[in-house]
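A look at the structure
For reference, the chains in residue letters:
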Amino acid sequence: MKALQYVTVGQPPEVREVPTPEPGPGQVRLKVTAAGACHSDEFLMSLPEEVYTAAYPLPMTLGHEGAGIVDKVGEGVTEVAVGDAVAVYGPWGCGRCYPCSQGKENYCERAAELGITPPGLGHDGSMAEYMIVDNPRFLVPLGDLDAVKNVALTDAGLTPYHAIKGSLDKLVAGSTAVVIGTGGLGHVAIQIPRALTPATVIALDVSDAKLQLAKDVGAHHAFASNPEAADRIREATGSATVTAVFDFVNIQPTVDLGSALSGVETDLVLVGVGGNTAQVGMMARPYDATIRSPYWGSRPELMEVLNLARTGLVGVETETFSLDDAPEAYRRLHEGSLRGRAVVTP
Ligand code: NAD
Ligand code: ZN
Ligand code: ZN
C-alpha cells in the first residue's frame, strides 16, 4: 500500500510503498477514507536531529486525525464489524487508570511507561491506504457524517472543544472569548463558543485571509494580532480585559498579548505548541487569573464534538489532497496558505 512517511529528519515527508499491515489479536484494520494534516506534525518535522527523540521512530507514517471503514478485525474483536464507518480517537491510553476510566485517555497516567503513543505521533498513523487501530475502544461511529468533512474534528475539533469546555462556566452573557490563531484548530474554536454560549467571540491572526475565514465561521470581530489588538478589543467591547483567551499559537508575542488581555479571573488557555514563558504569582497576574495548557480531549468529548457537527453548529473548512499530493498539503500548511484544514483522501 501507499503511505506518507516521515523518513529523514529535516526532509519533507515522502509517499512510499510499504507492506499492508495485518491486524493482530484485538486490533482493527481500517481502510482509511480521510486523514487530516496538523501543525503538530509540522512541529515534529521541524525538530533538529539532536532534539528529535527515539519516541518517534523513523520511518513513521504521519497522520493523527483519521477516519475509515472497518476492513478487517483481529481475533477476538466483536465491538465493530467490517463495513462500519468510524473516526479514530487519537490520544490512546491504557484504558484502565483513573483518567482513562473517565474516558480521558489524553491524560492517561501510564501511557509513557507502557510505551503507548497516538497513531502518527510515535507509530504509524492515518496517512496511508490502511491503518491499524490497537483497540475498538478508539473507534467512534461516524454514522451519516461525511468522513472527509469531519475527520479533522478528531483533533482540530476535539482539542479546542476540550480547551473551551474548561472555561464554559465563565462564558456567560456579556463575556468575551478571544481566539488567537484561526488556522486548523482556531477556525473550529471560534464556532464552539458561538454554538454553546452568548459570549462575544474575537479572532486574532496575522493573515488577512485567516481573519476573513474567522468572520466567515462566525467571529463577531477579527483583528490583526499585534500589541494594538488590545486597543481594538477595548473599542469593540468597552473593556481592556477579556473573559478567556484561547491561544492556538503560543509564542512569546501571543502569550504577552494574552497576558495583557488578562484581568481578574481571566482564563489564559495555551493550546499551541510554541515555546514561551508567562509570569504567574500574586504580583504578576490579576487575582484568580489562570493559565492552563490542555492537551487534546476525552473520548466522550469526541462524541460530543461529532454530535455538534451533526446539529450543523460546528463544521470544518477543508482543502482535500490525494495521498500522492500529501507532501503538498504539508507544504501549504508550512506556508500558511490553507483555508481551514488540509485533508488527505487515500
Ligand atoms: P495552523 O497552522 O493551521 O494555524 C495556525 C494559525 O496561527 C494560522 O492561521 C496562522 O496565520 C496563525 N498565526 C501565526 N502566528 C500568529 C500570531 N503571532 N498571532 C496570531 N496568529 C498567528 O495550525 P493548527 O494545526 O491549527 O495548530 C495550531 C497549534 O496548536 C499548533 O501549535 C499545534 O502544534 C497545536 N496543537 C496543540 C494541540 C494540543 O493538544 N495542545 C493539539 C493539536 C494542535
Ligand atoms: Zn494535532
Ligand atoms: Zn490510562
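Overview of the structure. Keep in mind it's a predicted model, so treat the numbers as computed, not measured. (Residues numbered from 1 in each chain as written. Chains lettered and ligands numbered in written order. Predicted model: local features only at pLDDT ≥ 70, side-chain atom pairs only at ≥ 80, totals over all residues. Heavy atoms only, no water.)

**Describing the overall build of the chain**
If you tally the helices and strands in the chain, you get 11 helices and 16 strands. Its C-alpha radius of gyration of 20 Å places the chain within 12% of the 20 Å reference for a compact globule of 346 residues. Considering only C-alpha atoms, the chain reaches an extent of 60 × 40 × 40 Å along its principal axes. Looking at the 346 residues of the chain, the share that counts as buried comes to 52%. In the chain, of all internal contacts separated by at least 6 residues, the share reaching a separation of at least 24 is 69%. Of the accessible surface of the chain, which amounts to about 14500 Å², a share of 52% is contributed by carbon and sulfur atoms. Side chains of the chain give 25 positive and 41 negative charges; the mean places of these two sets differ by 4 Å. (Helix = DSSP H or I, 4+ residues; strand = E, 2+ residues; numbered from the N terminus. Rg over C-alpha atoms; globule rule 2.2 N^0.38 Å. Buried < 20%, exposed > 50% of the residue type's maximum accessible area, 1.4 Å probe, protein only. Contact = heavy atoms within 4.5 Å. Areas by Shrake-Rupley, 256 points an atom, 1.4 Å probe, with all protein chains shown as cover. Lys, Arg positive; Asp, Glu negative; His and termini not counted. Charge placed at Lys NZ, Arg CZ, Asp CG, Glu CD.)

**A look at the packing of aromatic side chains**
Going through the model one piece at a time under the given rule, you end up with four aromatic pairs. Ring centres of Tyr 6 and Tyr 52 lie 5.6 Å apart, and the angle between their planes is 65°; on these two criteria the pair is classed as edge-to-face. Of this pair, Tyr 6 sits in strand E1 (residues 2-6) while Tyr 52 sits in the loop between helix H1 (39-46) and strand E4 (60-61), and the two are 46 residues apart along the sequence. Pairing Tyr 295 with Trp 296 gives two aromatic rings, centres 5.8 Å apart and planes at 80°, and the pair type is edge-to-face. Assessed through its relative accessible area of 39%, Tyr 295 is described here as partly exposed. Taken together, the ring pairs in this structure connect Tyr 6, Tyr 52 and Tyr 56 into an aromatic cluster. Sitting over the ring of Tyr 130, Arg 29 keeps its end group 5.0 Å from the ring centre. (Phe/Tyr/Trp six-rings, centres within 6.5 Å; stacked < 30°, edge-to-face > 60°. Lys NZ or Arg CZ within 6 Å of the ring centre and 35° of its normal.)

**A short note on a nonpolar patch on the surface**
Residues Val 264, Met 282, Met 283 and Tyr 287 make up a contiguous nonpolar surface patch of about 570 Å² in total accessible area. Considering the arrangement of structural elements, one finds Met 283 in the loop between strand E13 (262-270) and strand E14 (290-292). Judged by its relative accessible area of 81%, Met 283 is exposed. (Patch = residues over 30% accessible without salt bridge, like charges linked within 9 Å, V, L, I, M, F, W, Y side chains within 5 Å. Salt bridge = Lys/Arg side-chain N within 4 Å of Asp/Glu carboxyl O.)

**Digging into the site of ligand 1**
Surrounding ligand 1, one finds 28 residues, the nearest of these being Leu 185, Asp 205, Ser 225, Trp 296 and Arg 341. Contacts to ligand 1 include Gly 184, whose backbone N or O atom sits 2.9 Å from an oxygen atom. Between ligand 1 and Trp 296 there is a distance of 2.7 Å, counted from an oxygen atom to a backbone nitrogen or oxygen. Across the complex, the protein chains shield 87% of the 870 Å² of accessible surface that ligand 1 would expose by itself. At the level of secondary structure, the elements contributing two or more residues to the shell around ligand 1 comprise H1, helix H6 (184-196) and strand E10 (200-205). Classifying every residue of the shell around ligand 1 by side-chain character gives 14 nonpolar, 10 polar and four charged. For the shell around ligand 1, the domains that each give at least three residues are domain 1 (2-155 + 297-345) and domain 2 (158-292). (Near = heavy atom within 4 Å. Polar contact = N/O pair within 3.5 Å; in protein donor to acceptor, adjacent residues only side chain to side chain. Nonpolar A, V, L, I, M, F, W, Y, C, P; charged D, E, K, R; others polar. Domains from an automatic or database assignment.)

**Brief notes about the coordination of the zinc ion (ligand 2)**
Looking at the metal site, the zinc ion (ligand 2) is ligated by Cys 38 (SG), His 64 (NE2) and Asp 155 (OD), spaced 1.8 to 2.3 Å from it. Of note, the zinc ion (ligand 2) draws all its donor residues from one chain, in the sequence arrangement C-x25-H-x90-D. Taken together, the residues span a long stretch of sequence, with Cys 38 in the loop between strand E3 (28-37) and H1 and His 64 in the loop between E4 and strand E5 (65-73) at a distance of 26 residues. A residue is classified by how much of its surface remains accessible, and Cys 38, at 3% relative accessible area, is buried. Judged by its relative accessible area of 3%, His 64 falls in the buried class. (Donors = N, O, S within 2.8 Å, 3.2 Å for Na, K, Ca; no water.)

**As for the coordination of the zinc ion (ligand 3)**
Each angle at a metal carrying four tetrahedral donors should ideally be 109.5 degrees, and each at a metal carrying six octahedral donors should ideally be 90 or 180 degrees. Only Cys 94 (SG), Cys 97 (SG), Cys 100 (SG) and Cys 108 (SG) from the protein coordinate the zinc ion (ligand 3), and they sit 2.3 to 2.4 Å from it. Taken together, the four donor atoms coordinating the zinc ion (ligand 3) span angles of 104 to 117° at the metal, a pattern that classifies the geometry as tetrahedral. Within one chain, the residues donating to the zinc ion (ligand 3) are spaced in sequence as C-x2-C-x2-C-x7-C. Of this pair, Cys 97 sits in the loop between strand E6 (85-88) and helix H2 (98-101) while Cys 108 sits in the loop between H2 and helix H3 (111-114); the two residues are 11 residues apart in sequence, bridging distant segments of the chain. The class of Cys 108 is buried, set by a relative accessible area of 14%. (Tetrahedral: all angles 85-135°; square planar, octahedral: opposite > 155°, others 65-115°.)

**Points about the pairing of E3**
The element E3 is largely enclosed, with a buried count of eight among its 10 residues. For E3 and E5, the ladder comprises eight bridges, and the chain directions are antiparallel. Paired with Gly 36 across the strands is Glu 65, a residue of E5. Of the pairings in the sheet, the one linking E3 to strand E7 (residues 130-133) comprises four bridges and is antiparallel in character. Bridge assignment links Leu 30 to a residue of E7, and that residue is Met 131. By the bridge criterion, three bridges tie E3 to strand E16 (residues 341-345) in an arrangement that is antiparallel. Each residue of the ladder has a partner; that of Ala 35, found in E16, is Val 344. (Pairing = 2+ DSSP bridges.)

Interpretation in functional terms is not warranted from these geometric data alone.
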